[in-house]
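Given next are the chains, with one letter for each unit.
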Amino acid sequence: MKLRPEEITSILRQRIEQYEVETDLAEVGTVLQIGDGIARVYGLESAVALEMLELEHGVVGIAFNLEEDDVGAALFGEWEHVREGETVRRTGRVASVPVGEALLGRVVDPLGNPLDGRGPIETDERRPLEFKAPGVVDRQPVKEPLQTGIKAIDAMTNVGRGQRELIIGDRQTGKTAIAIDTILNQRGQDMHCFYVAVGQKASTVAGVFERLQDAGAMEYTTIVTAPAHEAAPIKWMAPFAGCAMAEHFLFDGRHALCIYDDLSKHADAYRQLSLLLRRPPGREAFPGDVFYLHSRLLERACKLSDDLGGGSLTALPIIETQAGDISAYIPTNVISITDGQIFLESDLFFSGVRPAINVGISVSRVGASAQTKAMKQVAGRLRLDLSQYRELEAFAQFGSELDKATQDTLARGERMVATLNQPQYDPWPMEEQVVALYAAVNGHLDDIPVPQVPRFQDELREFMRTEESVLKEIREKKELTDDLEQRLEEQIGKFKQTFNVEAEESLV
């Protein structure tokens, strides 16, 4: 066999042209210092803010402080195993979390890892942890109601889709109860709920999960938890992770509700993280950007314009006050960011008013634009009447004799407070709330003894359900026409005849 040089040359040339060297270039740094979940890393000159870093032992870090000589990174995972001198790799990816339908019904940590023992979460979609909030042009006014199912809130401090309504009060005054009732009331409302627990006990979060599971609400809910025993970086990350998961539905033209329970603990975790990173402390040792921390989070809640799909993200942040002091640093910060607040008062709570909403301080800055017309018709004067009642109630303790008008105002106020009282985990549909408030505002309860008012309202509710036509019409029309109001008057009058008989029989 004769070798031909030209053939060998062509083969060699072809092999050389097709030859590819696979090079794996990675920027690698070294751990200079480690402690309290914070690492100082040397040699990552090109790292970007909030970039994910890979350390040994499966530990993940986020680049926080980009300094001249080193990078300050917050660590997630078992950082105790990391030692000085070990290598750190850049990933080239900014911090992100998994999002999508697969997260509904699950309990996850802020990194998106499942905590409910039901296997991995099957989703390929991810969203960045930090994302620029939509601008003014991309939004539209909040005008669609988000029904909480709580009479006192839907009537006076109503929440709209795309709003940011703060729930504020001392510990153990029912803040989380309002949030859970709101989630329970979203069944069948095309709403995807995200409950973010920051610094809560694991047993408390398990109790919330059980309650939502029993009510069938976990079908449309995701719980993101950073328990009290976790390190500060995980607690800092939790609200941003929950918001990113909710934004998936916002930008898909759907509706989401995000509850942050609570941002006081979130601010404390951020203070701890900042001090460990040697950032300069400001008032109460909080870093100077603690206001920006919450404003950039809550600004992401909005109602998008129709051109962008008309989706909405509603935020219900929770703040815990100390001894009712709403003029403290973090409470005033968050009050100034949000579109209103629901203030829960300890004195009202312990006197048996549940939910313990202080009508004078609570407000919704969206006003009646996010209320149904039927609710506006029955609840128009409610806030003013209750405020007057509270003032007269305090005055009446010192007055010996009261005139007839004052006595009537006090009597009506007592019955109104009894009407607005509501047990936990029992949200009311809008149409039933309208009927209950209509009966109270129009004097149908004036001859009912105050202790009997809750029973009257519950039985009226059952009676109206049997006469389905009126409730159905209120639900569909969302307003009280003259004809509908007349029929409602007849139904309440008809019910009162039977109720009075029952009340008399029970007294005998």
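Residues numbered from 1 in each chain as written. Predicted model: local features only at pLDDT ≥ 70, side-chain atom pairs only at ≥ 80, totals over all residues. Heavy atoms only, no water.

**Some points on the pairing of strand S17 (residues 340-344)**
Side-chain direction in a regular strand flips from residue to residue, so the side chains alternate between the two faces of the sheet. Among the five residues that make up S17, five are buried, leaving the element largely enclosed by the rest of the structure. Burial of S17 is two-sided: the residues Gly340, Ile342 and Leu344 facing one way and the residues Gln341 and Phe343 facing the other way are all buried. When strand S12 (residues 166-169) meets S17, the two strands line up parallel, connected through four bridges. Paired with isoleucine 168 across the strands is phenylalanine 343, a residue of S17. (Buried < 20%, exposed > 50% of the residue type's maximum accessible area, 1.4 Å probe, protein only. Helix = DSSP H or I, 4+ residues; strand = E, 2+ residues; numbered from the N terminus. Pairing = 2+ DSSP bridges.)

**Things to note about the state of the cysteines**
Here the structure, examined in full by the defined rule, presents zero disulfides. In this model cysteine 193 remains outside any disulfide bridge; the closest cysteine sulfur is found in cysteine 258, 9.6 Å from its own. Here cysteine 302 is not disulfide-linked; the sulfur of cysteine 243 is the nearest cysteine sulfur, at 9.3 Å. Take cysteine 302: its relative accessible area is 1%, and that puts it in the buried class. (Disulfide = S-S within 2.5 Å.)

**Focus: the environment of arginine 475**
By the element assignment, arginine 475 lies in helix H15 (residues 468-477). With relative accessibility at 34%, the residue arginine 475 sits in the partly exposed group. For the pair formed by arginine 475 and threonine 372, sequence separation is 103 residues and the distance between their alpha carbons is 9.8 Å. Setting aside its immediate chain neighbours within four residues, arginine 475 contacts Met430, Glu431 and Glu468. A distance of 2.8 Å separates a polar atom in the side chain of arginine 475 from a polar atom in the side chain of glutamate 431. (Contact = heavy atoms within 4.5 Å. Polar contact = N/O pair within 3.5 Å; in protein donor to acceptor, adjacent residues only side chain to side chain.)

**A closer look at the pattern of salt bridges**
Across all of its chains, the model carries 36 salt bridges by this definition. Close ionic contact of arginine 475 with glutamate 468 constitutes a salt bridge, the shortest N to O distance being 3.1 Å. Beyond isolated ion pairs, a larger network of salt bridges with shared partners links Asp426, Glu432, Arg461, Glu462 and Arg465. (Salt bridge = Lys/Arg side-chain N within 4 Å of Asp/Glu carboxyl O.)

**Some thoughts on the packing of aromatic side chains**
Enumeration over the complete set of coordinates arrives at ten aromatic pairs. Their ring planes at 65° and their centres at 5.2 Å tell us that phenylalanine 456 and phenylalanine 495 sit as a pair that is edge-to-face. Of this pair, phenylalanine 456 sits in helix H14 (residues 453-466) while phenylalanine 495 sits in helix H16 (residues 482-507), and the two are 39 residues apart along the sequence. Each of the two residues, phenylalanine 456 as well as phenylalanine 495, counts as buried. Geometrically, the ring pair formed by phenylalanine 463 and phenylalanine 495 is tilted, given 5.6 Å between the ring centres and 40° between the ring planes. Taken together, the residues span a long stretch of sequence, with phenylalanine 463 in helix H14 and phenylalanine 495 in helix H16 at a distance of 32 residues. Pair check on accessibility: phenylalanine 463 and phenylalanine 495 agree, each one buried. Ring-pair connections join several aromatic residues into one group, and the members of that group are Phe456, Phe463, Phe495 and Phe499. Positioned above the aromatic ring of tryptophan 428 is the side chain of arginine 461, whose terminal nitrogen or guanidinium carbon lies 4.1 Å from the ring centre. (Phe/Tyr/Trp six-rings, centres within 6.5 Å; stacked < 30°, edge-to-face > 60°. Lys NZ or Arg CZ within 6 Å of the ring centre and 35° of its normal.)

**Details of unusual backbone geometry**
Put simply, aspartate 261 and aspartate 262 share a cis peptide bond, and its omega is 0°. Residue proline 355 is bonded to the preceding arginine 354 through a cis peptide linkage, with omega at 0°. Mapped onto the secondary structure, proline 355 falls in the loop between helix H9 (346-350) and strand S18 (363-364). Look at tyrosine 425: it is not a glycine, yet its phi comes out positive at around 60°. Note that tyrosine 425 resides in the loop between helix H12 (404-420) and helix H13 (430-441). The class of tyrosine 425 is partly exposed, set by a relative accessible area of 30%. Non-glycine residue lysine 478 carries a positive phi angle of around 60°. With respect to the element layout, lysine 478 can be found in the loop between H15 and H16.

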